Amino acid sequence: MTRNNVNQTLTTRRTFLQNGAMSMALLALPQSAHHRPVVMARPVFDPNTLTPFVDALPIPKVARPTDSRPIPGNTKQKAPYYRMAMQQVETKVHRDMKPTRQWAVDSTVPGPTLEAQSGQGVLVEWANQLPKSHFLPIDHHLHGAEAEKPDVRTVIHLHGGRVPAAVDGYPEDWFIPGKSATYFYPNTQDAATLWYHDHTLGINRLNVYAGLLGLCIVRDSFESALNLPSGKYEIPLVLYDRFFDQDSQLYYPVSPVESKPWIPELFGNAILANGKLLPYLDVEPRKYRFRVLNGANGRFFHLSMSTNQTFQQIGTDQGLLPAPVTIRICSLAPGERADLILDFTDHAGEQIVLKNDMLAPVMLFRVSKAKVTDESTVPSTLRPVPKIAESEAVKTRSLMLGEINDLHGDSVTMLLNNSHWNMPVTENPTLDSVEIWNLINVTDDAHPIHLHMVRFQILDRRRFDAFAYQNENNLLRYRGNPIPPEPIEAGWKDTVRADPGMITRIITKFEGYPGRFVWHCHILEHEDNEMMRPYDVLPK
Ligand code: C2O
Ligand code: CU
Ligand code: CU
């Protein structure tokens with residue numbers, strides 16, 4: 001199967017879910033033979049019954065520091081201090097729906113956007129002011145979510161941030177309501193679209209689903225000098241899918257086994273843009289820059305415009321691409337970001353729908369007829385991304401992405417290299433060394449693999465015989481030639497799609513900080529069920 005075929009399979013499966021899931025009491029995910037069916041314990045709300053495009057797209061507010069305080073380890077130097085409180089709120093996701101209970105950062109979902117300048121550190125106090133009980137189904141059989149643990153726990157990770165281990169939001173560093181953690185983020189990295197989200201062991205999928213996520217934009221002078229669309233022409237766009245019940249409340253499906261509610265994947269029938277269902281955005285006939293995040297638990301997005309017009313992707317997870325890439329469909333796995341330029345210049349007076357999987361509307365652009373002058377530019381070269389030579393690698397690791405039935409045979413555990421979270425650390429690169437990681441995917445799913453702390457480059461993907469690999473003692477039999485990364489992947493990444501039946505090779509220099517970090521699948525249902533491993537960056 002080629003990569004295109006894989007994408008089509010995903011599209012078809014998700015389209016099926018989109019159209020079929022709403023009224024069914026029992027829905028089997030047509031995913032893989034051993035996946036459990038999913039139970040819709042309550043009737044699910046059908047968002048197709050809503051009047052579309054009646055709410056304006058909310059723009060998450062920019063977080064404001066309350067004061068400036070001394071930074072840890074250097075009391076003479078001060079940094080802006082932000083307090084980000086997580087609390088339960090009731091917000092409307094659509095004009096005609098009742099308020100939805102959500103867990104917000106600073107009262108909105110997504111939370112306020114942290115704006116940072118490269119090299120200028122910030123202090124963020126993440127405060128847990130959530131209630132003491134969870135409103136989503138915790139599975140106490142999952143590691144880290146045992147019944148004796150408090151239900152409500154949180155810890156926030158800055159995804160894509162090059163930060164010391166102590167402030168990385170390690171999944172076991174959670175804290176309970178009434179507590180907080182203050183992290184100093186140094187921001188010594190290139191301009192990029194980062195995001196923050198909950199990372200609590202065993203309940204991460206539920207906490208993010210409840211609403212604990214937001215953007216963090218790092219800027220630098222190199223990027224600012226490019227004169228890209230900015231100010232009100234630069235729009236953050238956080239996308240994720242959800243289910244709602246008939247009372248407009250978030251609904252998270254469960255397995256048929258009451259004591260083990262975990263499900264392997266979730267594809268909601270409602271797609272939200274900046275927390276609204278089917279919003280509109282009034283735009284001028286000119287260029288806009290969109291910072292798009294796939295903040296979904298498990299859905300892959302394939303975004304296109306109803307006009308079928310092309311647009312340009314100028315950046316990926318960790319910042320600008322070497323040059324803009326013209327595309328018609330923007331594909332994003334969970335956790336990935338795309339920096340897009342949409343040009344409405346030739347569309348004055350038009351209404352353009354942003355769609356997912358070719359048909360599902362996400363939002364509407366209402367292009368005004370105003371005569372405007374657009375002084376922004378999109379240079380034909382953006383930011384050089386010097387290739388890391390394979391010869392620099394001191395180590396190549398073979399890391400299998402697999403899944404196994406549990407002892408009872410009724411659920412699946414996703415594993416990295418056949419290892420559970422609690423087993424000793426096996427990945428331990430030395431600070432500043434270069435390594436190649438071969439992500440050997442023997443499953444039927446695409447897994448977006450994310451490494452904390454580092455940015456990496458994709459070398460290639462190559463089809464192989466997964467059966468032989470598993471059954472003949474890791475016999476490596478290739479079934480095709482190496483496929484280079486797509487043009488939109490030719491920049492610095494922190495999350496990579498490891499396609500089924502493929503070996504995806506990435507290369508990275510472990511620059512930054514020594515200490516314990518994690519790497520994991522960014523399908524949060526997988527991550528919560530063992531598809532996450534600690535890794536150590538050893539001091540030199
Ligand atoms: Cu976006 Cu470890 O996560
Ligand atoms: Cu991360
Ligand atoms: Cu996965």
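Residues numbered from 1 in each chain as written. Chains lettered and ligands numbered in written order. Predicted model: local features only at pLDDT ≥ 70, side-chain atom pairs only at ≥ 80, totals over all residues. Heavy atoms only, no water.

Notes on the sheet that holds strand β11 (residues 213–219)
Which entries qualify depends on this criterion: For two strands to pair, DSSP has to find at least two bridges joining them. Put simply, DSSP marks the helices as runs of H or I at least four residues long and the strands as runs of E at least two long, and each gets a number from the N terminus on. Note on definitions: angles span 0 to 180 degrees between N-to-C directions of axes, and those axes are lines fitted to C-alpha atoms, for helices only across the stretch in contact.
Pairing in this open sheet of four strands is mixed, and the strands run β6-β11-β10-β8 from one edge to the other. The open sheet terminates on both sides in strands that have one partner only, identified here as β6 (111–117) and β8 (156–159). Each strand of the sheet is rotated relative to its neighbour by a mean of 20°, with strand direction disregarded. One ladder, built from four bridges, connects β8 with strand β10 (residues 192–198); its direction is antiparallel. Of the residues in β10, the one forming a bridge with His 159 is Trp 195.

Re the sheet that holds strand β24 (residues 360–367)
Sheet architecture is open: five strands sit in the order β16-β24-β23-β18-β21, paired in mixed fashion. Of all the strands in the sheet, the pair left with one neighbour each is β16 (280–283) and β21 (330–332). If you compare each strand with its neighbour and ignore which way they point, the axes differ by 20° on average. Here β16 runs beside β24; their pairing, made up of four bridges, is parallel. Looking at the pairing, Tyr 280 lines up with Leu 364 of β24.

Description of the coordination of the copper ion (ligand 2)
Filter applied, for reference: Donor atoms are limited to N, O and S found within 2.8 Å of the metal ion, a distance that becomes 3.2 Å for Na, K and Ca. With water left out, some sites might look partial. Exposed residues in this analysis have more than 50% of their type's maximum accessible area, buried residues have under 20%, and partly exposed residues fall in between, with area computed by a 1.4 Å probe over protein chains only.
Taken together, His 157 (NE2) and His 450 (NE2) make up the protein donors of the copper ion (ligand 2), found 1.8 to 1.9 Å from the metal. Placement of His 157 in strand β8 and of His 450 in strand β28 (residues 447–451) is noted, with a sequence separation of 293 residues between them. Of the two residues examined, His 157 and His 450, each falls in the buried class.

Overview of unusual backbone geometry
In this chain, Val 109 is followed by Pro 110 through a cis amide linkage whose omega measures -10°. Locating Pro 110 in the fold gives a position in the loop between β5 (100–105) and β6. With a phi close to 60°, Phe 53 is a non-glycine residue in the positive phi region. Along the chain, Phe 53 falls in the loop between β2 (38–39) and β3 (67–71).

Section: the coordination of the copper ion (ligand 3)
Bound to the copper ion (ligand 3) are the protein donor atoms His 447 (ND1), Cys 521 (SG) and His 526 (ND1), situated 1.9 to 2.1 Å from the metal. Using a relative accessible area of 0% as the deciding quantity, one classes His 447 as buried. Of the residues examined, His 526 reaches a relative accessible area of 0% and is grouped as buried.

Here we look at the confidence of the model for the protein chain
The predicted coordinates of low-pLDDT regions are not to be read in fine detail. To keep it simple, the criterion reads: The pLDDT value expresses, per residue, how confident the predictor is, ranging between 0 and 100. Residue contacts are counted whenever heavy atoms from the two residues lie within 4.5 Å of one another.
Per-residue confidence for the protein chain averages 92 on the pLDDT scale, and 92% of its residues sit at or above 70. Confidence over residues 1–34 falls short of pLDDT 50; this stretch has 62 contacts with residues more than four positions distant or in other chains.

Looking at empty space enclosed by the protein
Our working rule: Both cavities and pockets are sets of points on a 1 Å grid over the protein atoms alone; in a cavity a 1.4 Å probe fits but cannot get out, in a pocket the set is open with protein on both sides within 12 Å along at least five of seven lines, and lining residues sit with an atom within 4 Å of a point. Grid points are joined across faces, edges and corners, and a volume is the space filled by probe spheres set on the points. Residues are grouped as follows: Ala, Val, Leu, Ile, Met, Phe, Trp, Tyr, Cys and Pro are nonpolar; Asp, Glu, Lys and Arg are charged; every other residue, Gly included, is polar.
All chains considered together, the criterion is met by six cavities of 30 Å³ or more. Empty space within the largest cavity amounts to approximately 90 Å³. Along its surface, the largest cavity is lined by Gly 160, Gly 161, Arg 162, Gln 189, Asp 190, Gln 318, Leu 451, His 452, Met 453, Val 454 and Arg 455. Of the residues contributing to the lining of the largest cavity, the split by class is three nonpolar, five polar and three charged.

Examining the pattern of salt bridges
For side chains of opposite charge, pairing can occur when their charged atoms come near one another. Selection criterion: Salt bridges are defined as contacts in which a side-chain nitrogen from Lys or Arg sits within 4 Å of a carboxyl oxygen from Asp or Glu.
Across all of its chains, the model carries 40 salt bridges by this definition. Ionic pairing is found between Asp 67 and Arg 69, a salt bridge with its closest N-O pair at 3.3 Å. Under the relative-accessibility criterion, Asp 67 is labelled partly exposed at 35%. Close ionic contact of Asp 190 with Arg 383 constitutes a salt bridge, the shortest N to O distance being 3.7 Å. Placement of Asp 190 in the loop between β9 (180–185) and β10 and of Arg 383 in the loop between β24 and β25 (393–405) is noted, with a sequence separation of 193 residues between them. Judged by its relative accessible area of 13%, Arg 383 is buried.

Points about the packing of aromatic side chains
Here is the rule: Pairing of aromatic rings covers Phe, Tyr and Trp, the last through its six-membered ring, and needs centres within 6.5 Å; plane angles under 30 degrees mean stacked, over 60 mean edge-to-face, and all others mean tilted. Criterion for a charge above a ring: Lys NZ or Arg CZ within 6 Å of the ring centre, and within 35 degrees of the ring normal.
Considering all chains together, one arrives at 16 aromatic pairs under this definition. Residues Phe 464 and Tyr 469 carry aromatic rings whose centres are separated by 6.0 Å and whose planes lie at 85° to one another, so their mutual orientation is edge-to-face. Ring geometry for Phe 510 and Tyr 535: centres 5.8 Å apart, planes at 70°, overall edge-to-face. You can see Phe 510 sitting in the loop between β31 (502–509) and β32 (515–521) and its partner Tyr 535 sitting in strand β33 (residues 532–537), a full 25 residues away along the chain. Note on accessibility: Phe 510 and Tyr 535 belong to one class, buried. Each residue in the set Tyr 233, Tyr 288, Phe 290, Phe 344 and Phe 365 is aromatic and connected to the rest through ring pairs, giving one cluster. Positioned above the aromatic ring of Tyr 280 is the side chain of Arg 366, whose terminal nitrogen or guanidinium carbon lies 3.7 Å from the ring centre.

Considering the nonpolar core
Where we set the bar: Nonpolar core, defined: a set of buried Ala, Val, Leu, Ile, Met, Phe, Trp, Tyr and Cys residues in which side-chain atoms within 4.5 Å join the residues together.
Of all hydrophobic cores here, the largest spans 124 residues; its most connected members are Trp 126, Phe 290, Phe 344, Phe 365 and Ile 449. If sequence neighbours within four positions are ignored, Phe 344 has contacts with Val 283, Glu 284, Pro 285, Arg 286, Tyr 288, Phe 290, Met 305, Ile 352, Phe 365 and Val 367.

Focus on a nonpolar patch on the surface
Note the cut-off: Residues enter a patch when their relative accessible area is above 30% and they make no salt bridge; the linking distance is 9 Å between like charges and 5 Å between nonpolar side chains (Val, Leu, Ile, Met, Phe, Trp, Tyr). A 1.4 Å probe and the Shrake-Rupley method give the accessible areas. Residues count as covered only by the protein chains that appear here.
Together, Ile 329, Met 358 and Leu 359 make up an exposed nonpolar region whose accessible area comes to about 270 Å². Here Ile 329 lies in the loop between β20 (319–327) and β21.

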